[in-house]
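# Summary of structural features
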Amino acid sequence: MSTDSNPFRNLEKQFERMQRQIEEALEMWDFDQFDQSQAAVTTMGVDLADHGETFVLTADVPGFEKDDIDVRLSENTIHITATRESETTDDPEDEFYIKSERARQSLSRSIRLPDPVDEEAVEARYRNGVLTITLPKRDPETREGQQIDIE
């Protein structure tokens, strides 16, 4: 018998698998055949390791600055979003572009954690295009629950 308290875990795994398949399909798509700008579709590679007392999530986010990356943790799911936009200028002398392919790039991943973590103790660092997030596990709660009055 499974002790998993999340009845939607299998559904979440299917969505994650579908997200990876869509990203892989977009990488193979030939944008030039439709005469559109050739978008740089990039996937965010992630590794999640269990180190006993902590999880360590490593994500590849090359070419982004630290301020371009947003990391959020909600209900045992970590959300990583990286977005950058190129600078534009109003100087008429710089308006000689016929086609610009560096307007905006965005990456996003959501990873469900297998166990609860201590949200207050999460640490993240970004070096050389690699985001490393250390997520200390939360001690199992032995609460008896909240009393609910019956009317």
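Heads up: these notes are all about the structure in this document. This structure is a prediction, so every number in the text was calculated from the model and none was measured. (Residues numbered from 1 in each chain as written. Predicted model: local features only at pLDDT ≥ 70, side-chain atom pairs only at ≥ 80, totals over all residues. Heavy atoms only, no water.)

Read across the sheet, four strands follow the order β1-β2-β7-β6 without closing on themselves; strand pairing throughout is antiparallel. Each end of this open sheet is capped by a strand with a single partner; those strands are β1 (46-50) and β6 (123-127). Neighbour-to-neighbour, the strand axes of the sheet open up by a mean angle of 15°, direction not taken into account. (Pairing = 2+ DSSP bridges. Helix = DSSP H or I, 4+ residues; strand = E, 2+ residues; numbered from the N terminus. Axes fitted to C-alpha atoms, helices over the stretch in contact; angles between N-to-C directions.)

Here we take up a nonpolar patch on the surface. On the surface, F8, L11, F15, M18, I22 and L26 cluster together into a nonpolar patch covering about 570 Å² of accessible area. Looking at the secondary structure, you find I22 in helix α1 (residues 9-28). (Patch = residues over 30% accessible without salt bridge, like charges linked within 9 Å, V, L, I, M, F, W, Y side chains within 5 Å. Areas by Shrake-Rupley, 256 points an atom, 1.4 Å probe, with all protein chains shown as cover. Salt bridge = Lys/Arg side-chain N within 4 Å of Asp/Glu carboxyl O.)

This paragraph deals with the environment of N6. Note on placement: N6 falls in the segment before α1. Spatially, the C-alpha atom of N6 lies 9.9 Å from that of P114, the residues being 108 residues apart in sequence. Apart from residues lying up to four places away in sequence, N6 is in contact with E12 and R112. (Contact = heavy atoms within 4.5 Å.)

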